[in-house]
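Now for the letters of each chain:
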Amino acid sequence: MLHTLTIQEARKGLDNRTFSSVELTQACLGRITERNDEINAFITVTKELALEEAKYADGQIAKGKATQLTGIPFGVKDAICVKGIRSTGGATILDNYIPPHEATVITKIRQQGAVLLGKQNCDSFGHGASNENSMYGSVKNPKNTTKVPGGSSGGSAAAVADNQCIFSIAEDTGGSIRQPAGMCGVVGMRPSYGRNSRYGCMPLASSLDTIGPITKTVEDAAIIMEIIAGKDERDATTVADPVPDYTEACQKDISGLTIGIPKEYFTLGGVDPEITEAIARYVTQLEKKGCTIKEVSLPHTKYAVAVYYIVVPSEDSANLARLDGIRYGMQAKAETVYDTYSKSRSQGFPEEVKRRIMIGTYALSAGYFDAYYKKAQKVRTCIRQDFTNAFSSVDALITPTSPFAAFGLGQKTADPLRMYLADVMVSPASLAGVPAISIPAGNTSEGLPIGLQVIGPRLGESTVLQIGNSLFTQ
Amino acid sequence: MAISIQDVEHIADLARIHIEDDQKEQYATQLSNIFSYIDQLQEVDTSSVEETCQVTGLEDVVREDVAKDADEAQKKAICDQFPQKSENLLVVPEIFSKK
């Protein structure tokens, strides 16, 4: 049962020589082999490389050279590039793509000696909230295989929940780490925009994309954040602020903190009453632990999804213009250069990617730029201001991660707008660039996980982890 | 906001995405629904609000403008990704065609 361990437990076992990294890696690979046909969490499994890396890690441990992640197996969302390893982003336009470069955060993780198990399924280039927009098949929720795992990092969350890896590295633009973590019953953290490098991440919306961990515990998330955070010369939007001791922050007492409950999150989007009750129970716990609870208002919350679905497709349509079938990836057979572009893109993108590129192209096209993109960016300022106002009187906000638990496969695919509304609780923090974590908060009567979200002020990761860990470990 | 089939054709052309004829109506309906939802943004008074172009507050991030040479292995890794090549050169479709 080695594959069920957390990072902290695995570290202890490896350091005490209770088991080797090869044994731990074999346990995870065995679990993947046993479960991948059904759950479909991995697109590419790097078995041989993993065993090689594990063997090397065992050597390092024997020499006393182990660091925090030496010998610990992990998976990476396929929209994040790993040098020399096929990275499709969940779309066949990159079916044969082997990146010549590597995401900075992945290099940081691998320099610690972590063992790469493979690349995880996701909605193509992060476009989705259910993982049904992958061209490599839907991922199934390990807690109930008739349900979606959430998205877009559905494979990364499902793999952690199903113990196929010890942790995952994923990407969150508008909720793609938190929402699937919530639906699969694991921990997922989106950092402040600019806290972690985006270099090597296939871009969705450059002003919102972030890379963060999906883990089994909040302390594990803190360990990963401490390793991957920091300024990167290859990403000009990273900030130089020193990286705090996040693992220490997890241990801090939360008494005396003021927690805001944003009323709009409970009145909009038809929140399942079971979820409201679950969150209320956790709020009571916070009071018992000495926190002051305060109701706050973020009046522009209801516009977040509308803003999101202009800003993201607009940036996205520009970013994905690079995938043209000319320099890398799949090239459709065509007579002219125009047809090479349009057929490669038509064949290599799924419906949802085409739809979002079209939304963005329209919003940015002549005559509509002011009405849509500019307007959305102004309302985005109002959403940010709501958070700034709230954080002037509270230390953090508590909300559900999603208005409903995992829904049935195919249930929302016919109506894209209904699917977009699944992001109503997670997209506001993304637009404001503030950090947030989703932690498991019990189950519905149907046995499906409920996610609780803690949102903090910009660069307030320590507070988010502190509150998250206190609730997680109670 | 209603998006017509002609709009879909125009957008698909701008975006260089080939759309089959029998899919155009579906895209028109879906995009119309999405833009109708987005139109609620018009009710927010933003007359005195600046746009958010970034959230970090960083300004004028600069670096030395120096070329870094890639080693042979890196060059090979890049060239290996070319869909069509002639030695180490990328072969592209004819650009000045009449079509």
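Scroll up to find the structure.
Residues numbered from 1 in each chain as written. Chains lettered and ligands numbered in written order. Predicted model: local features only at pLDDT ≥ 70, side-chain atom pairs only at ≥ 80, totals over all residues. Heavy atoms only, no water.

Caption draft 1: Quick look at the overall build of chain A. Looking only at helices and strands, chain A features 17 helices and eleven strands. In terms of overall dimensions, chain A is globule-like: its C-alpha atoms have a radius of gyration of 21 Å, near the 23 Å expected for 474 residues. Dimensions of chain A, computed from the C-alpha atoms along their principal axes, are close to 65 × 55 × 45 Å. The proportion of buried residues among the 474 residues of chain A is 66%. Contacts in chain A between residues at least 24 apart in sequence constitute 76% of all its contacts with a sequence separation of at least 6. When the accessible surface of chain A is totalled, it reaches about 14900 Å², and 49% of it is carbon and sulfur. (Helix = DSSP H or I, 4+ residues; strand = E, 2+ residues; numbered from the N terminus. Rg over C-alpha atoms; globule rule 2.2 N^0.38 Å. Buried < 20%, exposed > 50% of the residue type's maximum accessible area, 1.4 Å probe, protein only. Contact = heavy atoms within 4.5 Å. Areas by Shrake-Rupley, 256 points an atom, 1.4 Å probe, with all protein chains shown as cover.)

Caption draft 2: Structural context of a positive patch on the surface. On the surface, a cluster of positive charge is contributed by A:Lys83, A:Arg234, B:Arg63 and B:Lys68. Relative to the helices and strands, B:Arg63 resides in the loop between helix H2 (21-38) and helix H3 (72-79). (Patch = residues over 30% accessible without salt bridge, like charges linked within 9 Å, V, L, I, M, F, W, Y side chains within 5 Å. Salt bridge = Lys/Arg side-chain N within 4 Å of Asp/Glu carboxyl O. Lys, Arg positive; Asp, Glu negative; His and termini not counted. Charge placed at Lys NZ, Arg CZ, Asp CG, Glu CD.)

Caption draft 3: Inspection of a nonpolar patch on the surface at higher detail. Together, B:Val92, B:Ile95 and B:Phe96 give the surface a local cluster of nonpolar side chains, amounting to about 370 Å² of exposed area. Residue placement: B:Phe96 occurs in the segment after strand S2 (89-90).

Caption draft 4: Fine view of the environment of A:Lys294. With respect to the element layout, A:Lys294 can be found in strand S8 (residues 292-296). When the C-alpha positions of A:Lys294 and A:Gly260 are compared, they lie 4.9 Å apart, and in sequence the two are 34 residues distant.

Caption draft 5: Region of the structure containing empty space enclosed by the protein. Residues and elements named next belong to chain A. Tallied over the full model, the rule gives two cavities of 30 Å³ or more. Roughly 60 Å³ of volume is contained in the largest cavity. Around the largest cavity sit Gly126, Gly128, Gly151, Ser152, Gly174, Gly175, Ser176, Tyr308, Tyr309, Arg356 and Asp423, which together line it. Looking at the second largest cavity, its volume works out to about 50 Å³. Together, Gly182, Met183, Ile275, Thr401, Ser402, Phe404, Ala405, Pro449, Ile450 and Gly451 line the second largest cavity. Counting residues per element, the lining of the second largest cavity draws most heavily on strand S11 (residues 449-455), at three residues. The residue inventory of the lining of the second largest cavity, partitioned by class, reads six nonpolar, four polar and no charged. (1 Å grid on protein atoms, 1.4 Å probe; cavity = no way out; pocket = protein on both sides within 12 Å on 5 of 7 lines; lining within 4 Å. Points joined across faces, edges and corners; volume = space filled by probe spheres on them. Nonpolar A, V, L, I, M, F, W, Y, C, P; charged D, E, K, R; others polar.)

Caption draft 6: The arrangement of the packing of aromatic side chains in detail. Residues and elements named next belong to chain A. Within the structure shown, the criterion is met by 13 aromatic pairs over all chains. Relative to tyrosine 328, the ring of tyrosine 97 lies with its centre 5.1 Å away and its plane at 35 degrees, an arrangement referred to as tilted. Here the residue tyrosine 97 occupies a position in the loop between strand S2 (73-77) and helix H4 (104-111), and tyrosine 328 occupies one in the loop between helix H11 (304-319) and helix H12 (337-348), the gap between them amounting to 231 residues. Measuring from centroid to centroid gives 6.1 Å for phenylalanine 125 and phenylalanine 349, while their planes differ by 85 degrees, and the two rings are edge-to-face. (Phe/Tyr/Trp six-rings, centres within 6.5 Å; stacked < 30°, edge-to-face > 60°.)

None of this, on its own, says anything about what the molecule does.
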